[in-house]
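Given next are the chains, with one letter for each unit.
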Amino acid sequence: KQWYQRRVRGEIDYTELPENPRDITPNIKKCHDLIKQAGFAAKCLLSAEIVATQACYLPGSRDDIPIIGKISNTENVYIATGHTFWGILNGPATGKCLAELILHGESKSCDISKFNPDRFI
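Residues numbered from 1 in each chain as written. Predicted model: local features only at pLDDT ≥ 70, side-chain atom pairs only at ≥ 80, totals over all residues. Heavy atoms only, no water.

**Some thoughts on the overall build of the protein chain**
At step 1: When helices and strands are counted, the protein chain shows two helices and four strands.
At step 2: Out of the 121 residues belonging to the protein chain, those deemed buried represent 21%.
At step 3: Here the analysis covers contacts within the protein chain between residues at least 6 apart in sequence; of these, 47% occur between residues at least 24 apart.
At step 4: For the protein chain, the accessible area works out to roughly 9000 Å², and carbon and sulfur atoms hold 56% of it. (Helix = DSSP H or I, 4+ residues; strand = E, 2+ residues; numbered from the N terminus. Buried < 20%, exposed > 50% of the residue type's maximum accessible area, 1.4 Å probe, protein only. Contact = heavy atoms within 4.5 Å. Areas by Shrake-Rupley, 256 points an atom, 1.4 Å probe, with all protein chains shown as cover.)

**Focus: the side chain of S61**
At step 1: Along the chain, S61 turns up in the loop between helix 1 (28-41) and strand 3 (67-70).
At step 2: On the accessibility criterion, S61 (11% relative accessible area) is buried.
At step 3: There is a polar contact of 2.8 Å between the side chain of S61 and the side chain of D63.
At step 4: For S61, the contacting residues outside a window of four places in its chain are I67, G82, R119 and F120. (Polar contact = N/O pair within 3.5 Å; in protein donor to acceptor, adjacent residues only side chain to side chain.)

**Here's the deal with unusual backbone geometry**
At step 1: Despite not being glycine, D64 shows a phi value in the positive range, around 60°.
At step 2: Within the secondary structure, D64 sits in the loop between helix 1 and strand 3.
At step 3: The exposed category is assigned to D64, whose relative accessible area is 55%.
At step 4: A positive phi is found at N76, a non-glycine position, where the angle reads about 60°.
At step 5: Tracing the chain through its elements places N76 in the loop between strand 3 and strand 4 (78-81).

**Thoughts on the nonpolar core**
At step 1: Grouped together as the largest cluster of nonpolar side chains are five residues: I68, C97, L98, L101 and I112.
At step 2: No other element matches helix 2 (residues 87-104), which puts three residues into this core. (Core = buried A, V, L, I, M, F, W, Y, C linked by side-chain atoms within 4.5 Å.)

Written out as structure tokens, the structure reads:
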């Protein structure tokens, strides 16, 4: 079994990862809480039509630091994961660093040693 964290309003919700992605459902109470919080920013959101609610899992790591680099003892296997909700912001830089690592054997744009997957071995 795998457990992934989901953040709702900054709170971490450790939830079991279902076998089938179709089984991922939103927590309706937390959705209503989020709508209520949005209403503080803009009152019109309190009465807005809810078209859809959804949930997702954000991959993280045990130490809350992304995992970026080559997988040791493998040939041409690389990983870039564990950004949680920061992935949208850090994804482009991660992609660039990983591409450099794959093409040149090292990341030239930034030091990614802190993110090395070997720290879990």
